[in-house]
Amino acid sequence: MSDTSVLTRAEAVERHRLLDVRTVHLDLDLTRGREVFGSTTVIRFGCTTPGAGTYVDVKPAGLRRVVLNGRELDVGALRSGRFPLTDLAADNELTVEADMAYSHTGEGMHRFADPADGEDYVYTQSFLDDGPRVFASFDQPDLKARYTVSVTAPPQWTVVGNSVGRQVSPGRWEFAPTPAISSYLVSVVAGPLHSVRAEHDGIPLGLHCRRSLAAHLDADAPELLEITRQGFDHYHRVFRHRYPFDSYDQCFVPEFNPGAMENPGCVTLRDEYVFRSAVADTKREERALVVVHEMAHMWFGDLVTMKWWDDLWLNESFAEYMAYSVTAASTRFTSAWTGFAADRKTWGYDADQRPSTHPVAPGTVDDTAQALQNFDGISYSKGAAALRQLVAWLGEEAFLAGVNDYFDEHAFGNATLDDLLRALAAASGRDVHGWADRWLRTTGVDTLRLTDGRIEHTSADGGRRPHRLTVGHYRRTAEGTLELADRVPLDLAADGAVAQPGAAELTLLNDTDLSFVKIRLDPGSWQTVRSSLGAVPEELARAVLWSAARDQVRDGELAPGEYLELVAAHLPGETSVHLVDAVLSFAREFVVDCAVPPAGRAAALAGLAQVCRTLLRRTDGEPDRTGLRLVAVRGVIGTAVGESQAAELRGWLAAGTVPGGPLLDPDLRWQLLLRLCVLGAAGEPEIAAELAADPSDTSEQGAARCRAALPDREAKEAAWQALFHGELSNYLATATARGLWQPEQAELLDELTTRYFEELGSAAGRRGPALARVLTTVGFPAFAATERTVRAAEACLADPDLTAATRRGLVDQLDTLRRAVRARALTEQ
Ligand SMILES: [Zn+2]
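Bear in mind the structure is a predicted one, so any value in this text is a computation, not a measurement.

Participant: When you look at the sheet that holds strand β8 (residues 108-113) in this model, what are you seeing that I'm missing?
Facilitator: The 4 strands lie next to each other as β8-β9-β15-β11, forming an open sheet whose pairing is antiparallel. On the outer flanks of this sheet lie β8 and β11 (158-161), each paired with one strand and no other. Strand after strand, the sheet turns through a mean of 10 degrees between neighbouring axes, direction not considered. Here β11 runs beside strand β15 (residues 188-191); their pairing, made up of 4 bridges, is antiparallel.

Set out below in structure tokens:
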């Protein structure tokens, strides 16, 4: 929001020196209509310098009353979300009464009306500096306090909070005081919720969602509760400190921006994770990872919180690393690390090669606006990969011993990178500080290139990192497949020591994916990959190879056509749903839609369609245990072109099934209809009929996507107005943006591509960071990979008035765009 200040690090340091926040009593009134709610906060706090002044953060629709130590203050003193407090005493009591506005962008207190049944739901997202849109606070992570929350709600509602709560009279809810927590973690979820309750190891568990999803949550509850129990058991096995809060509720909420949010005892998750349609196992695994990721935060982030946002990685990288490690070790998703290699890690590789990259542990993050930009592939994916490398180097036992000492020392308080490094160094006796300097304080990905049995080790910044990894040697069997001949550990010291791998048909560096590094194969091994990638016996090693091929395309070292040849040769026989899903996504979204020149696009798309159809035939008549067939079906739908294929899709829609299955559920129906709309083979009557048959929010989003995808000027203009000049919610904006840009409609969209760069700055500035992210990700015309688009993006970036979120989004897209332009040139040479 442009009308409020960002908090600088210097201000936070000063306020921390001055204040000791003890308790916060928060009373919310959710019975005042659909626009505003009432918020009364009473904060009791000490001040080290009586007579000094400070300010409290509050971003109200209307400020009613501020009382400090019995003195009524002039509410007109509020400026840019800060209310000045002067002449503090040693002990203070501050009362702030305000009317707060509900939001529709997932920031602050989001309000949602369910189109399925007209019921209303609200939830808070206090993160990162949106808490003051709900309640007054000294809003920084290192001013923790005990919160006691009361809520007045319509009597038929259920209210969930950070601690155990009860309804003391109709509509009146009171919650137990929390332990000391940071303001960004305060959470309230309310509405006519459907709840499933259970218990594990003395911890009350709750699953909650809106009423229209009740049947779906009931169907998924056994799996969700099993993952939750497995997570608690694992954490209680490896951490000395027991779960530090009094209950564990997981609330699935609508129109949520992130995957989930780790509010202590009251985790919020996007309610697409209550599956309404069939999903592949990759999606179930993703949900399990999110569940245990948020659980890890109960320790990393909630029990011990970073002192300031520069140590965000202490929260996210650890939660991410623990999530993969716990999921692989303690749940049925034993190949979670393959998903990490094939998909999640590419987020980190891509981010680390962009101009916007930053160290995992940046030296300084000056303010909250900058902090928000660091919720990226570096803090999550690269940070987790670096921790995996650290564990490979220290051993898990020493790692966990250090972590446990760190929890003991800082429980219910705050900590910094240095606190953690000291604990790890003491527990392991190793030079963890030296390791951190090379891995956490630097940027860029190392590359290991194998030539004539020697490893050439290079870094963008010249600072080659130490790597502990394995090297796999594969030889050909009599049957013509490949087998692992041997696997040798390799410590690649930062000074560039090299090993002499033995002779083999295929030598694969980092074949168990222990390190965060790009690999390049020797020419002989690459020949083996071209002919026999699918015959490499382990899926993790195949994931490493697909990932290497992927970044060669992005780096302009492998022509898009050659990548597609690999896909055509080796994906139809692939058995890992992780790999099929990840490779098809990249092949479609980057290679076919952006990196192949327009003249070759039709052939490239047809080739990909052929791969999907072969996968579909291969899975005919088999039970679809992992969702591989579902991924193939989605691929066939998304690549359909021309009259006859459109007719085929229409036939599926009419029959309600794909021949041989699966039956069409809402997701598949909307995907089919979207493709028909893109091709001009369906229109408003079909969209309206589909929406009328199932008037849910999923359908509203499906309809928005379809309408924006229609190949006519009027439809595009309507989508444009809604997206850039309207008040769409975050989710409807995402759906509209996804529909708008279709590579098939390049000519029709040419004028809008120019307009995008003219109108982006003001639209994104007006709607705030969450919508800026939508407009610069799915809202970006990525398929228009030409020099002209590059120049337009560069000109747009020269505008000094772009918000931090818009600028960051655009910088990242420009990097991908340049890579696509370079890849196109490779073909056009
Ligand atoms: Zn997280």
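From this point, things continue past the structure.
Participant: Can you help me understand the coordination of the zinc ion in this one?
Facilitator: Each pair of donors in an ideal four-coordinate tetrahedral metal site encloses 109.5 degrees, whereas pairs in an ideal six-coordinate octahedral site enclose 90 or 180 degrees. Every protein donor of the zinc ion is accounted for by His293 (NE2), His297 (NE2) and Glu316 (OE), and the metal-donor separations fall at 2.0 to 2.1 Å. The sequence motif formed by the donor residues of the zinc ion is H-x3-H-x18-E. Remark: His297 and His293 occur in helix α3 (residues 281-297); sequence separation between them is 4 residues, near one turn of the helix. Overall, His293 belongs to the buried group, its relative accessible area being 7%.

Participant: Would you mind going over the packing of helix α12 (residues 539-554) against helix α14 (residues 577-595) with me for this structure?
Facilitator: For any two helices packed against each other, one specifies the crossing angle of their axes together with the interaxial distance. Their axes nearest at 10 Å, the elements α12 and α14 cross at an angle of 5 degrees. Here α12 lies roughly parallel to α14, going by the angle between them. Contacts between α12 and α14 involve Glu539, Arg542, Ala543, Trp546, Arg550, Val553 and Arg554 from the former and His578, Leu579, Val583, Phe586, Phe590 and Val591 from the latter. Counted by class, the contact of α12 with α14 contains 8 nonpolar, 1 polar and 4 charged residues.

Participant: Hey, could you run me through the packing of helix α19 (residues 684-693) against helix α20 (residues 697-709) in this one?
Facilitator: Contact geometry of α19 with α20 gives a least axis separation of 9 Å together with a crossing angle of 175 degrees. Considering their axes alone, α19 and α20 lie roughly antiparallel with respect to each other. Residues Glu684, Ile687 and Leu691 of α19 form the contact with α20, whose own contacting residues are Ser699, Glu700, Ala703, Cys706 and Arg707. Grouping the constituent residues of the contact of α19 with α20 by class yields 4 nonpolar, 1 polar and 3 charged.

Participant: How should helix α8 (residues 396-410) be read in this particular structure?
Facilitator: Along an α-helix, residues three or four positions apart point the same way, because every turn accommodates 3.6 residues. Here α8 is 15 residues long and its end C-alpha atoms lie 21 Å apart, about the 21 Å a rise of 1.5 Å per residue gives. Of the residues making up α8, those classed as buried are Ala398, Phe399, Leu400, Gly402, Val403, Asn404, Tyr406, Phe407 and His410. With its phi angle positive at about 60 degrees, Phe412 sits one or two positions after the end of α8.

Participant: Got a minute to help me understand the sheet that holds strand β28 (residues 517-520) in this structure?
Facilitator: Note: strands within a sheet are paired through backbone hydrogen bonds, in either parallel or antiparallel orientation. The strand order β24-β23-β28 describes an open sheet built from 3 strands, whose pairing is mixed. Each edge of the sheet is formed by a strand with only one pairing partner; in this case those strands are β24 (454-459) and β28. Taken over all neighbouring pairs, the strand axes of this sheet differ in orientation by 20 degrees on average, direction set aside. Relative to β28, strand β23 (residues 446-451) runs parallel, the two being bridged by 4 bridges. In the sheet register, Arg449 faces β28, and the bridge partner there is Arg520.

Participant: Can you help me understand the packing of aromatic side chains in this one?
Facilitator: In this description, an aromatic ring pair is defined by two values, namely the gap between the centres and the angle between the planes. On inspection of all chains with the given rule, the structure shows 43 aromatic pairs. Residues Phe375 and Tyr380 carry aromatic rings whose centres are separated by 6.3 Å and whose planes lie at 55 degrees to one another, so their mutual orientation is tilted. Assigned by exposure class, Phe375 and Tyr380 land together as buried. Considering the side-chain rings of Trp741 and Phe783, the 6.1 Å spacing of their centres and the 45 degrees angle between planes classify their relative orientation as tilted. Here Trp741 is found in the loop between α22 (730-740) and α23 (746-767), whereas its partner Phe783 is found in the loop between α24 (769-776) and α25 (787-797), with 42 residues between them in sequence. Side by side, Trp741 and Phe783 carry an identical accessibility label, which is buried. The lysine or arginine in question, Arg430, covers the ring of Trp393, its NZ or CZ lying 4.3 Å from the ring centre.

Scoring rules and cut-offs
Residues numbered from 1 in each chain as written. Predicted model: local features only at pLDDT ≥ 70, side-chain atom pairs only at ≥ 80, totals over all residues. Heavy atoms only, no water. Pairing = 2+ DSSP bridges. Helix = DSSP H or I, 4+ residues; strand = E, 2+ residues; numbered from the N terminus. Axes fitted to C-alpha atoms, helices over the stretch in contact; angles between N-to-C directions. Donors = N, O, S within 2.8 Å, 3.2 Å for Na, K, Ca; no water. Buried < 20%, exposed > 50% of the residue type's maximum accessible area, 1.4 Å probe, protein only. Parallel < 35°, antiparallel > 145°, perpendicular 65-115°, else oblique. Contact = heavy atoms within 4.5 Å. Nonpolar A, V, L, I, M, F, W, Y, C, P; charged D, E, K, R; others polar. Expected span 1.5 Å × (residues − 1). Phe/Tyr/Trp six-rings, centres within 6.5 Å; stacked < 30°, edge-to-face > 60°. Lys NZ or Arg CZ within 6 Å of the ring centre and 35° of its normal.

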